Each structure stands twice: as C-alpha cells, then as structure tokens.
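Residue-level structural notes
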Amino acid sequence: MLRSPIRASLLRAISESLAREPCLETALEDVLERCLDATSSRFAAVYLADSGGDAPVRVMVDRTGRSGGFWEQQGALDPKALARSIPPSEVPPPPEGHLHGGPGASRAVVAAIGDVHRRSGVLWLECAHAELDFDEWQALANTVATQIAQALARRRTESELSERARLATLFADVSIALASGDPLTTCLDRCAAALHHQLGASVARIWMHHESTGTLSIAASAGNPGRSAAPFAEPEVQSVLKERRPFLRVSAEVVFVAHPLLVEDRLLGVLTLLTRAPLTSAATAALAPVADAIAVGIERKIVQKEQSELQAQFLQAQKMEAIGQLSGSIAHDFNNLLAVILSCSALLLDELPEGDRRRQDVLDIQHSGERAASLTRQLLAFSRKLVVEPRVIEINEVVMNVQKILGRLIGEDVELRIRLNAHDSRVKADPGQLEQLIMNLAVNARDAMPAGGRLLISTERVTLDDKFLEKQGAFAAGPYVRTSVVDSGCGMDAETRSHIFEPFFSTKAVGKGTGLGLSTVYGIVQQSGGFIHVESTPGMGSSFHVYLPSSVESISRAPRASSQRTSPQGCGELILLVEDEARVRSLAARILRDRGYQVVEASGADAAIESLKESSRAPELLITDMVMPGPSGPDLADLLRKRFPTLKVLFMSGHTDHPIVLGGALGRAMGFLHKPFTPDTLAGKVQSLLAR
Ligand SMILES: Nc1ncnc2c1ncn2[C@@H]1O[C@H](COP(=O)(O)OP(=O)(O)OP(=O)(O)O)[C@@H](O)[C@H]1O
Ligand SMILES: [Mg+2]
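Here the structure is a predicted model, which is why all the values come from computation and not from measurement.

The phi angle of most residues is negative, glycine excepted, and most peptide bonds adopt the trans form. The omega torsion of the bond from K675 to P676 falls at 0 degrees, within 30 degrees of zero and hence cis. Within the fold, P676 resides in the loop between β21 (670-674) and α19 (679-691). Unusually for a residue other than glycine, R244 sits at a positive phi of about 60 degrees. Mapped onto the elements, R244 comes out in the loop between α7 (234-243) and β7 (247-250). Residue classification places R244 among the partly exposed residues on the basis of a relative accessible area of 32%. For E264, which is not glycine, the phi torsion reads 55 degrees and is therefore positive.

With respect to spatial proximity, 19 residues lie near ligand 1, and among them N444, S506, T507, K508 and T514 are the closest. One of the backbone nitrogen or oxygen atoms of G515 is found 2.9 Å away from an oxygen atom of ligand 1. In the complex, 90% of the free accessible area of ligand 1, which totals 590 Å², lies under the protein chains. Looking at the shell around ligand 1, the elements that each hand over two or more residues are α11 (431-447), α14 (517-527) and β16 (542-549).

Moving on: the sheet that holds strand β8 (residues 255-263). Judged by pairing direction, the sheet is antiparallel, and its 5 strands sit side by side in the order β6-β5-β9-β8-β7 without closing on themselves. Edge strands, defined here as strands with exactly one partner in the open sheet, are β6 (215-223) and β7. Ignoring strand direction, the axes of neighbouring strands in this sheet form an average angle of 15 degrees. One ladder, built from 8 bridges, connects strand β5 (residues 203-210) with β6; its direction is antiparallel. Across the sheet, the residue bridging to H210 is T215, located in β6. Relative to β6, helix α6 (residues 184-198) is tilted by about 55 degrees, and along the sheet it contacts β5, β6 and β9 (266-275). Across the sheet, helix α8 (residues 281-351) touches β5, β8 and β9, and the angle it forms with β8 is around 45 degrees.

This part covers the sheet that holds β16. Judged by pairing direction, the sheet is mixed, and its 5 strands sit side by side in the order β11-β13-β14-β16-β15 without closing on themselves. The open sheet terminates on both sides in strands that have one partner only, identified here as β11 (414-420) and β15 (531-536). Pairs of neighbouring strands in the sheet enclose a mean axial angle of 15 degrees, with direction left out of account. Strand direction decides the pairing type here: β15 and β16, joined by 6 bridges, are antiparallel. Within β16, the position partnered with S536 by the bridge is S542.

So, how was this worked out
- Residues numbered from 1 in each chain as written.
- Chains lettered and ligands numbered in written order.
- Predicted model: local features only at pLDDT ≥ 70, side-chain atom pairs only at ≥ 80, totals over all residues.
- Heavy atoms only, no water.
- Helix = DSSP H or I, 4+ residues; strand = E, 2+ residues; numbered from the N terminus.
- Buried < 20%, exposed > 50% of the residue type's maximum accessible area, 1.4 Å probe, protein only.
- Near = heavy atom within 4 Å.
- Polar contact = N/O pair within 3.5 Å; in protein donor to acceptor, adjacent residues only side chain to side chain.
- Areas by Shrake-Rupley, 256 points an atom, 1.4 Å probe, with all protein chains shown as cover.
- Pairing = 2+ DSSP bridges.
- Axes fitted to C-alpha atoms, helices over the stretch in contact; angles between N-to-C directions.
- Contact = heavy atoms within 4.5 Å.

Encoded structure:
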C-alpha cells in the first residue's frame, strides 16, 4: 500500500503542477511523471476529448522501452465515448490485448476525467507496484483524474473570464475611438487596431460604402494579410453589400468573417476579419454589437462633419461681411480725402506754368492719389458698395472680349484654352466687373504657374438643385451659368484656401501682390447675386468656379458714352451744392465757380432748404452727397423736386447702398458722380446733366 505521506505529497505536487504550469500538455506530462515516480510504474496516458481548447489533447509517458503505438491500439477502446457515458466506478479494466507486456505490466486502470455533467477524457495508469491492490490503485487514479478535471474547470473559467475581459476592452476601445474628436479615418484606424488586437485577428478591416456609386473602399486596416489575403477579395465583401447579412467562409488555412455596418436599413460599410482559427462563440456573438457601435459612430461622425462644415461656412460668411463693412467705411472716408488730393493737384497743375519744376512734385502727388483711388475702388468692390451698371449680357461675349488681353497678360509659357460650352450664357451683371473678375482669376493662375502650364477658361449652363446649394448658403435652385478658371499651377493648402477672399491676404512677396484680387472677385460675384466655389490641392492646380444666376431677359446694349468736352463751361446756372465734408464742398464750389456757375453751398439737407428760402431764383441743379447726417441726398432730392419739378440732380458718393444707384435706376434728370473726382469729371457731369 502507498504510504499516506507519500500519497499526500504526490497529490499536493500534482495540484501545484496543474495550477502553476501555463501549458496544459506540459502540466499533464508532469502529473503523469509524478504518478509513475510515486508508484514505480512505467506507463501512463491522458486523453482529453474536450479540454476547452481547440483540439483533443493526448499526453503519454512511456518508460517501458516499447516503441509507441499506444494511441493507435486504442481504436477498440474509444476514450471519448468511455469518458462520456460511464460513471468512474464502472470504467472497465482495459482489455487484455491493450496491456503492454513486461514484468508487472498486468495491471492497468482507467479513470474518467470530469463529473457526470461534463466528462472530458480518461486517465490511463499501468502499475507495476507490487504492494498496491487494484482498488487502491483505481482510487488513486480516480483522485488524480478528479484533480485534472478540477484544473481543467479552473482553466476554462479563467479563459472565459479573460475572453470576456478582452471583448469588454474591445467594446470600450471601439466606443472611445468613435467618441473622440479625431477625424473619422483616425477613429476607424483605432477600431480596426482594437479588433485586430483583441480578437487575435490576422487582419481587421473597415470598408466604407459610397452610396452614390454603390461601391466599397477600405477606410481602415490593421494587421498583415500575408499570403492568405485571397479571401479578402472584393467579391466576398461585395456579397455583404448585396445581402446585408454577415458572411462566413472557412478554408483550410483561415476563417473569413464579414459583417455589415448598418444603421436602420442603411449600409454604411462592412467589417471584415481574417483569423487563423475559428472565433469562439463569445467572440462571434460580440461582433454584432461591435459592428452596430461602429456603424452608429460612423453615422454620428458624418453628421458632425456636415454640421461643422456648415458652421464654418456660416462663420466665414459672417467674417467676410464684417470685413466688408469695415473696408467699405474706410474706403468711404478715403474717397473724401482723395477727392481733395486729386482735385487740388489738378487745380495746382492748371496754375503752374509749363517748365516749373514744382509740376513734377504735383504730378507725383496726383499719381499716388490715383493709385490710392484704384485701391479704394477694389475695396469698395469687395464690400459690394461700388456703383455698378448691371445689364443682361452674355458671359461668353465677355470672355471673348478679354481673350486677347489675357493672351498678352499670361505670357507664352502658359497654354490658354477657352471652351464656351454654355449655349445660353445670359446673366445680369456689370460687364466691366465681369471682365475684371476673369482677369483677376487669370492673373492669379499665371502667378501660380511661374514655369508655365495650362489655363482653361470655360463656361457651362448648369441646373443646380437644393442639395448642391444647401452647402453654398441661401441661393435659389435653378439654372446658373458657371464660369470656370482652371490652372495646373502650385495649388493651395486648406489654410491658404480659408483666407484667399480676405482683403490684403496675399502669399506673394512684398510689393508683388496687394491681396485685393480675389476680394474684388468675391465682391463682384456677391453683387451679381452668385457665389464662387474653389477646389485646390497643393501641387495639383486650382479651379475657381463662379456661378451666376442665368437670366432669361433679352440682351441690353450699353448706352453710348456721351462725348465730353475737355473743359466745359457754364453760363451762370444756379447750382445748390450739398456736402457735409467742408473741404470737398469748398473745392467743388471753387471748381464750379471757376467754370462760370453760381453756387449756393450747404452742409446738409436742412441747411439747403433753409438757404433756398433766401434765394429768389430756383436752382437748376442740385449736387448732393448721398450719405449725410440728417436727411440723405435722395430724400433731399425727392423733396426739392416736388417744389422744382425741372430740377436736375447729381448725386456724389464714394459708395452707396442706396437702391436707386445700386440698381442703376437713376432717371434721365439724375446723374451719379463717383468720388474721388477730378475737376474735369465734375464739370463734365454737370454740363451733360444741364444739357439734357
Ligand atoms: N490660382 C491660384 N493658385 C494658387 N494660389 C492662388 C491662386 N489664386 C489665388 N491664390 C492665392 O490667394 C492669394 C490671394 O489672391 P489675391 O488675388 O486676392 O491676391 P494676390 O494675387 O496675392 O495679389 P493681387 O491680386 O492683389 O495682386 C494669393 O496670394 C495666392 O496665395
Ligand atoms: Mg491676384
């Protein structure tokens, strides 16, 4: 009989070994070795049909010196069936033929591993210990088998717990990734990495569904498909696209799983996994909620992106509006100053004799004033406060008109192509402004291609729907004429793109660009009721698309310019001059008096009405500033024309928001003089109005 201390220490050692050793086979081998050592026996084996792992486990320790063949001989004794169906006490002794020869090899016991609920294998012990009787020996085998069963149950529980922890971590990783503020592709990369890592997949991929084309493309991938990438072929994934159900393929080498990413019945993408071994049932069950979380996350990200784009557009529009107002008011003040500078220099030039060396200084002042006036004009164009003469014109005609100048402007290195595809390119706009718009865009394109390239100017009639226009702001759906200026130049990054329409934004060297080209374009497009769309990638060129509402009215030709004499003279006509800026007023009065007119000056509408009370004569002409403190110029004109129906009116302004002027709706008896003016332009306007 095996002495109790030895038996106790054997069982303790077995229990330790089963608990400590992570590899099941090594632990079982150690157990069998110890059994053989303690009982001086020579052969032991364990067969586990269900170890909780993937494949049956067979471990054998043979000290008989015979060569193998044991498992092969067990055909008649099916350990799996044996383990499942027979209570341990009824496990029969091995049949004679299965015992190995040799001294003391006549006794062998088989003990079932597991309990009645879960039989998973058998322990086989041959014993040569003379002092052990069969019952004792069987009892020892049963105890060892029980220890093995307990160890297996513990391992199973541990592995289930660790799998549950891994799946919980997977879920958490995916949720955290999708809740982060990162761009969608970064979030999906992290989801794919979590799937790859936590599910032990060789490759995890997330495909995005493009609804417009009905295609899928890989948005994120983690792991390396290696040679077994074949099951990742498009058709397999495409089948999920059609069926919208999970897809599973098990081949000799790998398992391929594809899961649709659905929100309600909309397919946002597909999740695919390539694994070396089948997924456990828990992992398979976890795939559906993980796929749902990814689908919902993708949808949320797309909605967030659209919202933030709209928000950015709104902010951009607000910013442009604010800059517009600021630059408009600066330009207004500047124009009054420039009116004085330009008029005074013109008057001085008249007075200085030829050959006077001071003439050059005055010419320099005049030249600088003119340059400042042209900059101010561009600012006004941006702030949509330039007085324009919109009429129905063909954009195709405008493009053809500027074609010649463009050729010279862009140089020989740039190949210019013009494609006028719009069969009807009528829009309502100021032709001069449209010419300037095309020139500004073309000059920018040339600057973006210092080593030459291609420049395409094209027109197209397009019908825009609400979906397209939603992104542009408040524009009515319908027919538009699109003018595109496309270059193959250096392109722009997103940061540059977000500033290009701001006045004075330029990336050109100091002195090379004022940064007013595109802000002028922006103002012109806005003033003409359209919008502009820019596409550009660094190194890949730029496309500027200008959309103007198509017009159905018939073409209106420009009124012929009236020929002006160079130095018009008056014959004592009475002019009422109303201007709040004292310097501008006195200068204009001086110019007019010098040319033979009688002038009554007033600093505002009320003063003007007052001054008429004293005068016995009806004025022939009212010259008034548009915007003044108190009643505006147009209000004053309305009032006086009721009293003096034949009164002519000349409005002056650096800019105006007034609809009469903005809409070009001045009557025959009215005119408009843009500030800053020169003595000749003022006198010319006055004369032509009085002559009507
Ligand atoms: N076709 C283009 N390709 C690349 N960048 C462009 C293009 N058009 C404009 N830009 C960028 O936009 C900026 C602003 O253009 P904008 O026409 O307003 O000013 P500018 O050309 O620098 O100066 P200006 O036109 O007043 O002489 C440019 O400096 C350039 O960085
Ligand atoms: Mg420019």
